Amino acid sequence: MAPVLVLRDGESGKVIKKLEEADISELTAKNWKAPEVFTTTARDGKTDIWGIIYRPTNFDPNKSYPVIEYIYAGPGSNYVPKDFTTSYWFSGLAELGFIVVQLDGMGTGNRSKAFGEVCYKNLKDSGFPDRMKWIKEAAEKYPYMDIDRVGLYGGSAGGQSTVNGLLQYPEFYKAGVAACGCYDNRMDKIWWNELWMGYPTGQEYIENSAIENADKLQSQLMLILGEMDDNVDPSSTMQLVDALIKADKEFELVVLPGMNHTLGGEYGERKRRDFFIRKLQGEKTPDWNK
């Protein structure tokens, strides 16, 4: 919401005076729209799951829109924006004819201990039961959200979640773009992985490995990798590539020479948008070289 600054009584909390209120009339006059806050319950049927819905500025409720979820489910924090801003990261993607959503499922932080521990030794969960339930219930309220055409993308832990989402739920997530992910927790930096997956490495590491389960891929996949990634070893992506090739799976790979831990920068963003246009809208990719 647009910010309002008030002076309150320190003991009672009563508003003494409104000091300032943001004026967003010029924004709304230009058809600017804030994302909508949407909430439903988690898989347990009682815990609130909060998220936001982005729509294009030329939104038409009589049309049908593919849905793209941006995912980051790395444990220890929450990721849905809480602050008001006039510029939203996902607006450009929505403008291409998508409904874009973001939410925090179970396994993320700053909630209860039980809420967060869902991910322990189970990073592949990534809150997917909550995420799919949330999207389905949003689509019940807004039938223009076409949940037969749902995409997924993210980077780093979000890249790992993206691939795992495609492997586990191909009937729901039809296409995904994963950037700079750790696709096997035995490969990435020790401190982070042992914090959430435990030590010693056991069967749970195999069960959570996208590389071990690469043969399950049915959905459309693009992988983006910064050649000089010093956060997640680039070998993790190449191990997944090797496993996919050995399993005779089709996928797309974008390698960015000299780039570090990244979603892909401007070039990667263009490739990601083109991918979703082709895979979820069924349209020909624009000729960007003209």
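Residues numbered from 1 in each chain as written. Predicted model: local features only at pLDDT ≥ 70, side-chain atom pairs only at ≥ 80, totals over all residues. Heavy atoms only, no water.

Caption draft 1: Broad picture of the packing of aromatic side chains. Considering all chains together, one arrives at 15 aromatic pairs under this definition. With 4.7 Å between their ring centres and 65 degrees between their planes, tyrosine 72 and tyrosine 79 make a pair best called edge-to-face. Put simply, the rings of Tyr54, Tyr70, Phe90, Tyr153, Phe275 and Phe276 pair up and form one aromatic cluster. One cation-aromatic arrangement involves arginine 55 over phenylalanine 59; the distance from NZ or CZ to the ring centre is 5.8 Å. (Phe/Tyr/Trp six-rings, centres within 6.5 Å; stacked < 30°, edge-to-face > 60°. Lys NZ or Arg CZ within 6 Å of the ring centre and 35° of its normal.)

Caption draft 2: A look at the side chain of glutamine 102. As for its position among the elements, glutamine 102 is in strand E6 (residues 99–103). Owing to a relative accessible area of 5%, glutamine 102 belongs among the buried residues under this scheme. There is a polar contact of 3.1 Å between the side chain of glutamine 102 and the backbone oxygen of tyrosine 79. Setting aside residues up to four positions removed in sequence, glutamine 102 forms contacts with Gly51, Ile52, Tyr54, Tyr70, Tyr79, Val80, Pro81 and Phe90. (Helix = DSSP H or I, 4+ residues; strand = E, 2+ residues; numbered from the N terminus. Buried < 20%, exposed > 50% of the residue type's maximum accessible area, 1.4 Å probe, protein only. Polar contact = N/O pair within 3.5 Å; in protein donor to acceptor, adjacent residues only side chain to side chain. Contact = heavy atoms within 4.5 Å.)

Caption draft 3: Representation of the sheet that holds strand E5 (residues 65–70) within the structure. Within the open sheet, the 8 strands sit side by side as E3-E4-E6-E5-E7-E8-E9-E10. Their pairing is mixed. What marks the edges here is a single partner per strand, and that holds for strand E3 (36–41) and strand E10 (252–256). On average, each strand axis in the sheet is tilted by 20 degrees relative to the strand beside it, whichever way the strands run. In this structure, E5 lies alongside E6, joined through 3 bridges in parallel fashion. Across the sheet, the residue bridging to glutamate 69 is valine 101, located in E6. (Pairing = 2+ DSSP bridges. Axes fitted to C-alpha atoms, helices over the stretch in contact; angles between N-to-C directions.)

Caption draft 4: Unusual backbone geometry, seen in detail. Residues tyrosine 199 and proline 200 are joined by a peptide bond in cis, for which omega reads 5 degrees. When you line up the elements, proline 200 lands in the loop between helix H6 (190–197) and helix H7 (203–207). One non-glycine residue, serine 126, lies in the positive phi region at around 50 degrees. Relative to the assigned elements, serine 126 resides in the loop between helix H3 (113–116) and helix H4 (128–141). At aspartate 248, a residue that is not glycine, the phi angle is positive and equals roughly 60 degrees. Its location among the elements puts aspartate 248 in the loop between helix H8 (234–246) and E10.

Everything listed here is a matter of geometry and, on its own, says nothing about what the molecule does.
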